[in-house]
Every structure is written in C-alpha cells, then in structure tokens.
Amino acid sequence: MASTRGQFSSKSGFILAASGSAVGLGNIWGFPTNAAENGGGAFVLIYFVLAFCLAYPALMAELIIGRHAKSNMANALQKISNGKISKNIGRLTGFYAITTATLILSFYGIVAGWMLAYLLEPLSTTVGLTSTSTWLTEFSRSRNLLFSGLFIALTTIVIRAGVEQGIEKWSCRLMPSMLALMMALIIYVMLQEGALEGLKLYLIPDFNQISDPKLIASALGQAFFSLSLGVGTMLIYGSYLSPNENLTTMGAIVTLVDSSIAFLAGLLVIPAIFVAQQKGLTIYNETGHLMAGPDLIFQTLPSLFQGMEAAGLVISLVFFSLMTIAALTSSISMLEVPVSYAIENHNLHRHKAAWLIGTITFVISSFIIMNFDPLFGLVITLTTEYSQPLLGFMMCIFATWVWHRDQILSEIRNGHPRIEVSLFWKVWPGYVRYCCPLLILIMLAQTIINH
Ligand code: PHE
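Rules used throughout
Residues numbered from 1 in each chain as written. Predicted model: local features only at pLDDT ≥ 70, side-chain atom pairs only at ≥ 80, totals over all residues. Heavy atoms only, no water. Helix = DSSP H or I, 4+ residues; strand = E, 2+ residues; numbered from the N terminus. Rg over C-alpha atoms; globule rule 2.2 N^0.38 Å. Buried < 20%, exposed > 50% of the residue type's maximum accessible area, 1.4 Å probe, protein only. Contact = heavy atoms within 4.5 Å. Expected span 1.5 Å × (residues − 1). Bend = angle between axes of the 7 residues up to and from the residue. Near = heavy atom within 4 Å. Polar contact = N/O pair within 3.5 Å; in protein donor to acceptor, adjacent residues only side chain to side chain. Salt bridge = Lys/Arg side-chain N within 4 Å of Asp/Glu carboxyl O. Axes fitted to C-alpha atoms, helices over the stretch in contact; angles between N-to-C directions. Parallel < 35°, antiparallel > 145°, perpendicular 65-115°, else oblique. Left-handed = near helix turned anticlockwise from the far one by under 90°. Nonpolar A, V, L, I, M, F, W, Y, C, P; charged D, E, K, R; others polar. Phe/Tyr/Trp six-rings, centres within 6.5 Å; stacked < 30°, edge-to-face > 60°. Core = buried A, V, L, I, M, F, W, Y, C linked by side-chain atoms within 4.5 Å. Patch = residues over 30% accessible without salt bridge, like charges linked within 9 Å, V, L, I, M, F, W, Y side chains within 5 Å. Areas by Shrake-Rupley, 256 points an atom, 1.4 Å probe, with all protein chains shown as cover.

Draft legend 1. Structural view of the overall build of the chain. Counting its secondary structure elements, the chain contains 18 helices and 0 strands. On C-alpha atoms alone, the chain measures out to a radius of gyration of 21 Å, which is about the 22 Å that the 2.2 N^0.38 rule sets for 451 residues. Along the longest, intermediate and shortest principal axes, the C-alpha atoms of the chain span 65 × 50 × 40 Å. Buried positions account for 58% of the 451 residues belonging to the chain. In the chain, once contacts between residues fewer than 6 apart in sequence are set aside, the share between residues at least 24 apart is 82%.

Draft legend 2. Structural context of helix α14 (residues 309-346). Along its 38 residues, α14 runs 54 Å from first to last C-alpha, staying within 8% of the 56 Å computed at 1.5 Å per residue. Within α14, the axis deviates most sharply at Glu336, by approximately 30°, and proline Pro338 lies no more than four positions further along. Among the 38 residues that make up α14, 30 are buried, leaving the element largely enclosed by the rest of the structure. A positive backbone phi angle near 55° is found at Asn347, which sits one or two residues after α14.

Draft legend 3. Here's a closer look at the site of the ligand. Around the ligand, 16 residues are found, and the nearest of them are Ala22, Gly26, Tyr108, Phe225 and Ser226. Between Ala22 and the ligand, the recorded distance is 2.9 Å, taken from a backbone N or O atom to a nitrogen atom. Tyr108 places a side-chain nitrogen or oxygen 2.7 Å from an oxygen atom of the ligand. Listing elements by their share of the shell around the ligand, those giving two or more residues are α1 (11-22), α2 (25-37), α10 (213-226) and α14.

Draft legend 4. Structural view of the pattern of salt bridges. On inspection of all chains with the given rule, the structure shows 5 salt bridges. Here Arg5 makes a salt bridge to Glu344, at a shortest N to O gap of 2.7 Å. A residue pair is termed long-range when its members are at least 10 positions apart, and Arg5 in the segment before α1 and Glu344 in helix α14 qualify at 339 residues. In this structure Glu344 comes out as buried when scored by relative accessible area, which is 9%. A salt bridge links Glu411 to Arg67, with the shortest nitrogen-to-oxygen separation between them at 2.7 Å.

Draft legend 5. Main features of the side chain of Ser171. Among the secondary structure elements, Ser171 is positioned in helix α8 (residues 163-190). Judged by its relative accessible area of 0%, Ser171 falls in the buried class. A polar contact of 2.6 Å, which involves the side chain of Ser171, links it to the backbone oxygen of Ile167. Residues contacting Ser171, with those up to four places away along its chain left out, are Leu16, Ala17, Pro176, Thr329 and Ile332.

Draft legend 6. A look at the packing of helix α5 (residues 84-126) against helix α15 (residues 350-370). Between α5 and α15, the least distance of the axes is 9 Å, while the angle of their chain directions is 60°. When the axes of α5 and α15 are compared, the pair comes out oblique. The way α5 lies across α15 gives a crossing that is right-handed. Seen from α5, the contacting residues are Thr102, Leu103, Leu105, Ser106 and Ile110; seen from α15, they are Thr361, Ile364, Ser365, Ile368 and Ile369. Grouping the constituent residues of the contact of α5 with α15 by class yields 6 nonpolar, 4 polar and no charged.

Draft legend 7. Region of the structure containing the packing of aromatic side chains. Counted according to the given criterion, the structure contains 28 aromatic pairs. Centroid distance Trp401 to Tyr434: 5.6 Å. Interplanar angle 85°. Geometry classified as edge-to-face. Taken together, the residues span a long stretch of sequence, with Trp401 in helix α16 (residues 372-402) and Tyr434 in helix α18 (residues 423-450) at a distance of 33 residues. In textbook terms, an aromatic cluster arises when at least three aromatic residues are bridged by ring pairs, as seen for Trp29, Trp114, Tyr118, Phe139, Phe298, Phe305, Phe319, Phe320, Phe372 and Phe376.

Draft legend 8. Examining the nonpolar core more closely. Ranked by size, the top nonpolar core spans 154 residues in total, and within it Phe14 and Ile297 carry the most contacts. If near-sequence neighbours (up to four positions away) are discounted, Ile297 is found in contact with Trp29, Met115, Pro302, Phe319, Phe320 and Met323.

Draft legend 9. Region of the structure containing the packing of α5 against α14. α14 packs onto α5 with a crossing angle of 155° between their chain directions and a minimal axis gap of 8 Å. Between α5 and α14, the angle falls in the class roughly antiparallel. Crossing handedness for the pair α5 and α14: left-handed. In the contact of α5 with α14, the residues fall into 23 nonpolar, 7 polar and no charged.

Draft legend 10. How the structure looks around a nonpolar patch on the surface. Taken together, Trp135, Leu146 and Leu150 make up a surface patch of nonpolar side chains, about 260 Å² in accessible area. The class of Leu146 is partly exposed, set by a relative accessible area of 44%.

Draft legend 11. The arrangement of the environment of Ala153 in detail. Along the chain, Ala153 turns up in helix α7 (residues 141-160). Residue Ala153 is classed as partly exposed on the basis of its relative accessible area of 25%. Taking the C-alpha atoms as reference points, Ala153 and Trp355, 202 residues apart in sequence, are found 8.3 Å from one another.

Draft legend 12. Spatial organisation of unusual backbone geometry. Positive phi, close to 50°, is recorded for Lys70, a residue that is not glycine. As for its placement among the helices and strands, Lys70 is situated in the loop between α3 (41-69) and α4 (73-79). Phi angles above zero are rare outside glycine, and Ser228 is one such case at about 55°. For Ser228, a relative accessible area of 10% translates into the label buried.

Following this line, the structure appears as structure tokens:
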C-alpha cells in the first residue's frame, strides 16, 4: 500500500476540484441541448428538482464513504461491509466502477480531442494554413487519433503530478478561467440579434411536457452524468478531503455550482442557436427538431462564428477553449479513479500508474476510433445510460443497507458536530435507503423501455 495519501490543501481546493469534475461537456453541451429538446424551461425546472432531491443525496453517499474509507472505491466498499458476500460484491462493484470510469474517459477523450482541434483551427486559419484548417475540422481517423492522444496525454500530465500539485492546482487555475470565458461569451451572444428568441425557449417552460416520462428520464440521466456519480470520482475526491470539513455543505456547494454552470451554459448555447438562425443558418434538422448533437457544436456554431469574420475568430477561440478546459477538469477526475486503484492496490508509483493507465485509455480510444460507427454510441450508452445509474444504485445500497448507520453518523459528525439535530440527518438516511434506489430503478426501466 502506498504510505502517504494525497489530500486537498483547502476547502476551496476541494470545491473547485469536485466542481471541476462535475462541470464538463455534460454541462456545456449536454444540458442546453437536452433542455432545447425537452421543453426548454420545463426541463430546467425538473432538472433542478432532481439534481437537489436525487443527485445530491447520492453524491453525499459517495463523499461520506470516500472520506471514511480513505481509499479507492473497490477497497472502500469492502471496508464498509461486514459479511464475506457483501465484501465480494463491494469489490466487484468497485471494479465495475473503475472500468466504467476508464471507458467514459476513452470516449470523452475523443470528444475533447475534437474540441482541441477546433480550438487550433482559428489559429491555423489566421496564419494562412488553409489545408491544415480543413484537416482540423474534418472528421478523419488521423485527426481523431492525434487529438484524443494529445488530450489524454494532457490529462495524464495533471494526474501524474498528484492531488495537491496536479488536481487541486489545475482546478484552481482552470475553473475561474472557464467561468470568465463563459461570462464573456454570454454577454456577447446576448447582444446579437435573435438571442431573445432563444432565451424565451430556454426560460419559458412548456408545461405540457413537464410530466413526460422521457423528459424526466433525460433530466435524471443528465443529473447523474453531470455530477459525475456512480463511477467513484466523487468517492475518491471525498477520500482526499480533510476530516475537519463539513461534508453536507461541501456536497451542496458542488451541486449548486454544477447546476448553476449548466444553467449559464444554456444562456449561451440556446440563444446562440437562434442567432445562427437569424444569420440564415439552418437550426432544425429533417425531423423538425432543434439541432442538438455534434452537428450543433461542430457545424452550426462554427458556421456562425465564421460569419462573424474577425470577431468570429476570437469568439471561436474562446468557445473552444471553454469546452477544452471544462473537459480537462472532468477528465482528470475520471483518470484518478483507476490511477488511485493502481497506486493503492498494486503499489505502483503515481508517475508510472498515470502513464500506464493513460496509455491503456488511449489504446481503448483508438480502438473506438478505428471502429467508430458500431462502437462510439454503444460505449456512451452502456456507460452513461446503464452503468452509471446502476452503480449509483449500488452506492446507495452500500451506504445505507450494508454500512452501519452509527458509522455514517460518526463520519459526518467530523466537521459537523451537530449533524444529529439537522434536517439533513432526519431526512437523508431513510431517503437514500428507500427513495433513491427506487427512483434510480424506475429511471433505468424507463431507459430500457425507451431503447
Ligand atoms: N460530469 C462530467 C460532465 O458533466 C462527466 C463525468 C462523468 C466526469 C463521470 C466524471 C465521471 O461532463
């Protein structure tokens, strides 16, 4: 076992790192487009309710287990189990989570690689490298391999430097820059013609859709992905948190930051779609739905930027920097999951573990790139729509059915001595024991039915 474990040096270090994990492509791309497809304001409303009523309690389960066990998920779930069977199930669940985190990183790395390529495009256009610009923005194996490799290497370099010098330092640098870039873009887009129409769609709820099971399932899936739940990222970040911190508040702040940034991203992306329409671009696809998938990010928005000429170059640079930064603070948390396991259970040095697992992830990404059509969508569906909720379900079961209530209490008493008389303690244990698992199962059933 590695002797010295890393630890976040400050409260804000943890908050920025955990929010950095949560805020990613899921917020800036997933949330606004999900909202646009599912009744605008109605989706936003349901999302906020679910984020606080379901995702937050599940996040707390991860943070509490992590800080108590001070180790990766496979060990942590064993540690809180008493019987032989539950210990084995705990270990297997841990492996499942580690594999899922690695697979998520392997597809996330491909998408983030596209962001990197699009980030370089305005630069190569400015210096007159037209054929390079075309290569950067056209879908090809060579581009995908190179840029996913670059992005995974960047992720590895941060993780190699450790908890304080890597994760915390970079999250503290990148998160404020990301927010500044986002605010600047929102202001710019809001001043353009057509923005108001997008704003209306985004903010005025279409109450007819509010009870649509598809909307609820999408909002729940989005909340789970966005808060990085189930795969052990929050558990491992919790394990690096000092016992003196108040966990319930920390979790609430992370949920609030994550939801607020998702909300802000909506203020940027949806109005931008309507600005594009105002400029004569098509924003609805053949089926009459608003553009949402890769076409939106890699066609509609870039065409919009191009139409803005000189300003467009800067806007494009800012937009894709924002995407790349958001992706990086999330990808480091994904890589930390298998890396911490390799360090703690196989005694590997952090540098070695980071490069080894970074390389394995890149090999998986390359395999997906070489077999893009059958694999890309499949890996996303299996990991985010099935595995993440299933793992979230297991986490709730372990926290409240397997682990002792007294031990949970004594863990969260650290940093919050009066927790016993708080509303949190009155509601949370029963809630995570009965409601969360049930709701997650309903959501999973919905997903299966919808497919
Ligand atoms: N929360 C990240 C996002 O919104 C994705 C993520 C999923 C990060 C799982 C870590 C683990 O993009």
